[in-house]
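# Descriptive analysis of the structure
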Amino acid sequence: SGRLVGDGGDGQISIGASLPIEVFGRRQSRIDVAQIGIEASEAEVRNRERLLVANILINYAEALAALRELDATEKLLELDLQTARFVQVRVNEGESAPLELSLLQGEVERLRSRRHLAEGRLESSITQLKLLSGIPFEDSLRLREQLTTAVMPTLPQTRDLAVDLALRSRPDIRLAQIEEQVASAGLRLVRAQSKPDVTLYTRYSSGRSNYDAPVPFSQRDRDLAFGVSIGLPVFNKNQGAKAEAEIAIKQAEQ
C-alpha cells in the first residue's frame, strides 16, 4: 500500500499457494519406514519380556534351591551338634578318643560355613527377584514350597525341526529380521528422496497505479500465474545417507 509513504493511490495485493507432489513413492516409503519401526519396537518389547520372565524364573529357582540347601544344612548342623555333645561326654569319661571329637567339631564348623554361604545366596536371589519384579526392597517375600508345574509344549522330533522352530518363534530372532527390514526401508526412502522434487504453484496478484500526467489516470493490473517447479538434485544426491543405509543393511544381516 502506498499509504505508508504518503501515496494513497497505489496499492498491490498478492496471494499464492504451492503444493509439493509426492512422486517416486516418497510417501509410501516414509509410511513403510514408520510401520516397520513400530514392528521393531513391538518385537523388542516381546524380547525384553521373554528375557525378564526367564531371569525371574532362574532367580526364583536359585532362591528356592538356596532355601532348601539352607534347611538341609541346618538339620545336619543340629544333628552334628547333638552328636558332638554326646561325644564330648564320652571323651570326658574316657570312652572315646579326643581326635574323634576334634574331627566332629571340624565338621560342625564346615556346616556352619556352608549355612552362611546358603544364607548369602538366598538373600542375593531374593534381592534380585525384588529388583526384577518391581517389589520394594523393604517388603517381605515368601517363596512357595515348590515351583508351579511347568506346561511344556510339544518338543520337536529332530534337530532340524528344533532349529526351524527357533528361527520362526524366538522374539530376538524376529527382532533381528525386522531390523534388517528397517535398514532396507531406510535405503529405499533415501533413494526416493534423492529424486527430483516436483511442486505445483499458483499465484494471483492485483495492483493499482496512479500516474500524474496532464490528464491524471490510474491503471489496474491483474495477474494469475501457475506452473510446476522441478528441483533437480545435481550436487546433493544423498550419497552419504545412501552409504550409511547400505552399511546398516550389512550390519543387520550380520
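Analysis parameters
Residues numbered from 1 in each chain as written. Predicted model: local features only at pLDDT ≥ 70, side-chain atom pairs only at ≥ 80, totals over all residues. Heavy atoms only, no water. Helix = DSSP H or I, 4+ residues; strand = E, 2+ residues; numbered from the N terminus. Contact = heavy atoms within 4.5 Å. Expected span 1.5 Å × (residues − 1). Buried < 20%, exposed > 50% of the residue type's maximum accessible area, 1.4 Å probe, protein only. Axes fitted to C-alpha atoms, helices over the stretch in contact; angles between N-to-C directions. Parallel < 35°, antiparallel > 145°, perpendicular 65-115°, else oblique. Left-handed = near helix turned anticlockwise from the far one by under 90°. Nonpolar A, V, L, I, M, F, W, Y, C, P; charged D, E, K, R; others polar. Polar contact = N/O pair within 3.5 Å; in protein donor to acceptor, adjacent residues only side chain to side chain. pLDDT = per-residue confidence, 0-100. Core = buried A, V, L, I, M, F, W, Y, C linked by side-chain atoms within 4.5 Å.

### Considerations on the environment of Leu-187
Considering the arrangement of structural elements, one finds Leu-187 in helix H4 (residues 171-193). In this view, Leu-187 contacts Lys-242, Ala-245, Glu-246 and Ile-249; residues no more than four positions away in its chain are not counted.

### Focus: helix H2 (residues 98-133)
An α-helical segment advances 3.6 residues per turn. Residues three or four places apart therefore align on the same side. Spanning 36 residues, H2 covers 52 Å between terminal C-alpha atoms, matching the ideal 52 Å at 1.5 Å per step. All buried positions along H2 are accounted for by Leu-101, Leu-104, Val-108, Leu-111, Ala-118, Leu-122, Ser-125, Ile-126, Leu-129 and Lys-130. Looking at the buried residues of H2, the elements they touch are helix H1 (26-92). Just past H2, the residue Gly-134 takes up positive phi, approximately 75°.

### So, the side chain of Ser-205
Tracing the backbone through its elements, the reader meets Ser-205 in strand E2 (residues 197-211). Judged by its relative accessible area of 11%, Ser-205 falls in the buried class. Residues contacting Ser-205, with those up to four places away along its chain left out, are Gln-12, Ile-13, Ser-14, Asp-221, Arg-222 and Asp-223.

### Here's the deal with the packing of H1 against H4
Pairs of packed helices are described in terms of their axes, by the angle between the two and the distance that separates them. It is the contact of H1 with H4, at a shortest axis distance of 9 Å, that shows an interaxial angle of 160°. Considering their axes alone, H1 and H4 lie roughly antiparallel with respect to each other. Where H1 crosses over H4, the handedness of that crossing is left-handed. Per-class residue counts for the contact of H1 with H4 are 11 nonpolar, six polar and nine charged.

### Focus: the environment of Glu-107
As for its position among the elements, Glu-107 is in helix H2. In this structure the side chain of Glu-107 is engaged in a polar contact, spanning 2.5 Å, whose partner is the side chain of Arg-110.

### Some remarks on the confidence of the model for the protein
Averaged over every residue, the pLDDT of the protein is 83; residues scoring 70 or more account for 90%. Averaged over each element, pLDDT in the protein is lowest for helix H5 (residues 239-253) (84) and highest for strand E1 (residues 11-21) (91).

### Regarding the side chain of Ser-206
Residue placement: Ser-206 occurs in strand E2. Excluding its chain neighbours within four sequence positions, the residues that come into contact with Ser-206 are Gly-11, Gln-12, Ile-13, Arg-220, Asp-221 and Arg-222.

### Comments concerning unusual backbone geometry
Leave glycine aside and you will find that most residues have negative phi; peptide bonds, for their part, are mostly trans. In the Ramachandran plot, Phe-24 falls in the positive-phi region, its phi being about 60° despite a non-glycine side chain. Position of Phe-24 relative to the elements: it lies in the loop between E1 and H1. The class of Phe-24 is partly exposed, set by a relative accessible area of 46%.

### Let's talk about the nonpolar core
Judged by nonpolar contacts, Tyr-60, Ala-63, Ala-66, Leu-70, Ala-118, Leu-122, Ile-126, Leu-129 and Leu-143 together constitute the single largest core of nine residues. Among the secondary structure elements, those contributing two or more residues to this core are H1 and H2. Judged by nonpolar contacts, the second largest core, of six residues, contains Ile-36, Ala-40, Ala-43 and Ala-185.

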